[in-house]
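Observations on chain architecture
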Amino acid sequence: MSVDVAWAVEWVRRSAQTIAEHREELIELDRLIGDGDHGENLDRGFRAVVAKLDALDEPPAQIGDVLKLVATTLMSTVGGAAGPLYGTAYLRAAKATATDELDSAGVVALVEAALDGIVARGKATTGEKTMVDAWSPAAEAAVHAADAGGSPADVLAAAAQAAAEGAQATIPLAATKGRASYLGERSMGHLDPGARSTELLLAEAAAAAA
Amino acid sequence: MSAPDADRAFARVALVLVSHSRELAAGTVELAGQMAPGVLLIAVGGTPDGQLGTDFDGIERAFGQATQDGRSAVVLMDLGSAVLTAESVLDLADEDLAARVRLADAPFVEGAVAAAVTAHGGADLDAVLAAAEGAGRMYDGDRPSAAHDASAPPTDDGVVRETRTLLNPMGLHARPAAVISRMLAAYDAKVTVNGVSAASVLALMKLGATQGTELRIEGEGPQAAEAVRVFTTEVERGFGEI
């Protein structure tokens with residue numbers, strides 16, 4: 001499947017489904033080291049996104065239109081840090097995808113723009129036990145896959161795989177950013193909920209293109 | 001969000017208080033408002049359905065209301081997502097609004113009180129922002145020195161000095177501290193009490209002055225004599241509390 005507007009819509013719908021399915025897991029992860037609202041907030045946000053997609057009279061013309069709808073809806077409806085963080089990520093990604101189809105370099109640009117947005121908003125870097133620890137290796141892996149001549153779908157698969165590994169790698173870390181940082185060393189041994197939700201979302205980006 | 005009474009607001013700078021909690025935002029507005037009547041204070045607390053969280057659309061509306069009629073606004077936020085959401089709103093706002101809104105890196109309650117009292121004195125945007133952000137530094141270092149020699153004789157250095165005993169049973173708490181700070185804003189004078197700036201509500205409160213404390217009041221500047229006189233008068237009448 002080509003990475004086009006239909007892909008973007010499919011990615012968003014799959015994202016809503018996976019977040020709904022993992023709602024309780026995300027709540028539990030966040031309850032352990034945060035304020036416990038991550039699963040509920042993201043689920044509410046993506047449900048609102050799907051409702052807005054369903055209400056459109058005609059399909060969006062560009063991938064960026066789809067991602068901008070996700071961005072503004074998440075910002076308005078999530079109600080936790082994930083709202084502005086993912087909202088900014090999707091907004092930057094939308095600006096990088098003002099087209100109806102992405103080649104491999106275009107997919108790299110999308111992932112890199114999303115990472116840039118999260119870093120700009122959250123001012124986190126790698127190793128601080130945040131969603132940056134999933135997005136950053138995802139962007140790196142996307143670059144490598146594209147350089148190696150991979151298809152857009154290959155690039156998304158590589159990004160998803162790296163995000164999953166990056167998320168798992170947050171487990172031993174002590175949080176130094178976000179609500180979990182108040183716990184310091186007590187946050188060690190737990191998977192970061194934001195890295196986990198990033199892993200879930202990028203897995204669906206790859207699945208929608210497979 | 002509370003409904004601001006825009007007709008009564010006259011200070012040039014409004015405050016927007018963004019909290020995860022509806023009660024915390026509303027309570028901080030109540031606290032700061034008591035010390036700074038006439039400053040537009042807008043609470044944005046919790047999610048639209050009353051849960052803990054932040055409300056992007058509510059913050060957007062509050063920024064719009066706060067900057068109406070040519071006012072500018074200082075924004076205080078409590079925790080992570082309140083900061084991130086306020087920043088996101090500002091990123092997406094039009095340039096004219098964004099130029100008149102400043103996000104304060106300040107403790108929520110103390111910063112709100114300091115900013116509100118400063119705004120009440122007619123200060124501009126930068127001064128109100130500085131008051132909010134300066135409130136965080138109140139917790140650094142020691143309390144002001146109690147060893148300062150209270151019996152130092154007046155000198156010919158142009159400093160007006162008076163000493164009065166604090167009569168208020170509750171000490172120099174928030175309300176009288178705000179009265180002093182507000183009152184002195186009207187005078188072109190730099191006034192200190194026991195070595196701290198009398199323009200700062202938080203510095204005054206941090207003195208921890210209890211009933212019976214000797215207050216050494218010193219004023220410098222063109223209107224120092226008048227400023228010190230109104231100050232001592234207020235101390236003598238117990239700030240209307242006795």
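Residue positions are given per chain, counted from 1 along the sequence in the order it is written. Think of it this way: whatever chain is written first is A, whatever ligand is written first is 1, and the rest follow in order. For a predicted model such as this one, the threshold for reporting local features is a pLDDT of at least 70, and the threshold for listing and counting side-chain atom pairs is 80 or more; totals across whole chains, interfaces and linings nevertheless cover every residue. Side-chain calculation: all heavy atoms of the structure are included, whereas hydrogens and water are not.

A closer look at the overall build of chain A
Secondary structure summary: chain A contains nine helices and zero strands in total. The helix and strand labels rest on DSSP assignments: H or I over at least four residues marks a helix, E over at least two residues marks a strand, and numbering proceeds from the N terminus. Reading chain A from its N end, one meets helices and strands in the order α-α-α-α-α-α-α-α-α. Put simply, the radius of gyration uses C-alpha atoms, and a globule should come to 2.2 Å times the residue count raised to 0.38. Scaling as 2.2 N^0.38, a compact globule of 210 residues should have a C-alpha radius of gyration of about 17 Å, and chain A matches this with 16 Å. Over its C-alpha atoms, taken along the principal directions, chain A stretches across nearly 45 × 40 × 25 Å. Think of it in three bands: residues with accessible area under 20% of the maximum for their type are buried, residues over 50% are exposed, and the middle band is partly exposed, with areas taken using a 1.4 Å probe on protein chains only. Within chain A, buried positions represent 56% of all 210 residues. Of the roughly 8300 Å² of accessible surface on chain A, 52% is carried by carbon and sulfur atoms. A positive count includes Lys and Arg, and a negative count includes Asp and Glu. His and the chain ends are not counted in either. Here the site of a charge means NZ on Lys, CZ on Arg, CG on Asp, or CD on Glu. The distance from the centre of the 17 positive side-chain charges to the centre of the 30 negative ones in chain A is 9 Å. The Shrake-Rupley method, run with a 1.4 Å probe, gives the accessible areas here. Residue values count only the displayed protein chains as cover.

Some thoughts on empty space enclosed by the protein
Residues and elements named next belong to chain A. Definitions used for this entry: grid spacing 1 Å over protein atoms alone; cavity, a set of points where a 1.4 Å probe fits but cannot get out; pocket, an open set with protein on both sides within 12 Å along at least 5 of 7 lines; lining residue, one with an atom within 4 Å of a point. Grid points are joined across faces, edges and corners, and a volume is the space filled by probe spheres set on the points. Here the structure, examined in full by the defined rule, presents one cavity of 30 Å³ or more. Those elements that provide at least two residues to the lining of the largest cavity are helix H5 (82-95) and helix H6 (104-122). If one sorts the elements of the lining of the largest cavity by residue count, H5 sits on top with three residues.

So, the domain arrangement of chain B
Residue and element names in this part refer to chain B. Residue ranges labeled as domains rest on an automatic or database domain assignment. We note that the domain assignment places domain 1 (6-138) and domain 2 (160-240) within chain B. Facing twelve residues of domain 1, the contacting portion of domain 2 comprises ten residues. When a carboxyl oxygen of Asp or Glu lies within 4 Å of a side-chain nitrogen of Lys or Arg, that pair is called a salt bridge. The interface formed by domain 1 and domain 2 includes zero salt bridges. Identification of polar contacts relies on pairs of N or O atoms within 3.5 Å, with a donor-acceptor requirement for protein atoms, meaning one able to donate a hydrogen and the other able to accept it, and with residues adjacent in sequence counted only if both atoms are side-chain atoms. Scanning the region where domain 1 abuts domain 2 turns up one residue pair in polar contact (both at pLDDT 80 or more). If you list the elements that add at least two residues to the side of domain 1 that touches domain 2, you get helix H1 (22-35) and helix H5 (108-120). Ranked by residues supplied to the side of domain 1 that touches domain 2, first place goes to H5 with five residues. Here the term charged refers only to Asp, Glu, Lys and Arg, the term nonpolar to Ala, Val, Leu, Ile, Met, Phe, Trp, Tyr, Cys and Pro, and the term polar to all other amino acids, Gly among them. When the residues that make up the side of domain 1 that touches domain 2 are grouped by side-chain class, the tally is eight nonpolar, three polar and one charged. Any two residues whose heavy atoms approach within 4.5 Å at even a single point are treated as in contact.

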